[in-house]
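A closer look at the structure
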Amino acid sequence: MPASDLYAVADFCLIPMGTGESSVAEHIAECHRILEKSGLTFKGPWSEVSKAIHDCHVAVHAKGAPRVATDIRIGTRVDRDTPVGDGNNHKVKRVEEILARDKAAVS
């Protein structure tokens, strides 16, 4: 990852619009396929995360959606190193440790 490329954790909501169908499941499945091919789990270098979202837009348009709206939330941090692929694992582990400690104190 280039030094200028931030490690990013993202979540996004992609909404195909104007399809003329009551279901957009096929469109969302196509986006999911794109994300699987990218190997990203909504975290990684900023450039790769944003490219994956871009590629979802391209794929959903190719499936026939004339418009696509997306809400995106991206978090970055530079105050400490986050190993690529680690993402929020350390946060989840820390919460699990606190809950285990609380459970042990009650027992």
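What comes next is a walk through the structure. (Residues numbered from 1 in each chain as written. Predicted model: local features only at pLDDT ≥ 70, side-chain atom pairs only at ≥ 80, totals over all residues. Heavy atoms only, no water.)

Looking now at a nonpolar patch on the surface. Together, Leu6, Trp46, Ile72, Ile74 and Val78 make up a nonpolar patch on the protein surface, roughly 450 Å² of accessible area in all. With respect to the secondary-structure elements, Val78 resides in the loop between strand S3 (67-76) and helix H3 (89-106). (Patch = residues over 30% accessible without salt bridge, like charges linked within 9 Å, V, L, I, M, F, W, Y side chains within 5 Å. Areas by Shrake-Rupley, 256 points an atom, 1.4 Å probe, with all protein chains shown as cover. Salt bridge = Lys/Arg side-chain N within 4 Å of Asp/Glu carboxyl O. Helix = DSSP H or I, 4+ residues; strand = E, 2+ residues; numbered from the N terminus.)

Looking now at the pattern of salt bridges. Counted according to the given criterion, the structure contains six salt bridges. Close ionic contact of Asp11 with Arg73 constitutes a salt bridge, the shortest N to O distance being 2.9 Å. Residue Asp11 is located in strand S1 (residues 7-17), and its partner Arg73 is located in strand S3; the two are separated by 62 residues in the primary sequence. For Arg73, a relative accessible area of 58% corresponds to the exposed category. For Arg77, the salt bridge goes to Asp79, with nearest N and O atoms at 2.7 Å. Exposure remark for Arg77: the relative accessible area of 35% places this residue in the partly exposed category. (Buried < 20%, exposed > 50% of the residue type's maximum accessible area, 1.4 Å probe, protein only.)

Attention shifts here to the sheet that holds S1. Taken in spatial order, the three strands make up an open sheet running S2-S1-S3, and their pairing is antiparallel. The sheet is open, and its two borders are formed by strand S2 (43-45) and S3, each paired with just one other strand. With strand direction ignored, the average angle separating the axes of adjacent strands in the sheet is 40°. Bridge analysis of S1 against S2 gives three bridges, and the strand direction is antiparallel. For Ala8, the partnering residue across the bridge sits in S2 and is Gly44. (Pairing = 2+ DSSP bridges. Axes fitted to C-alpha atoms, helices over the stretch in contact; angles between N-to-C directions.)

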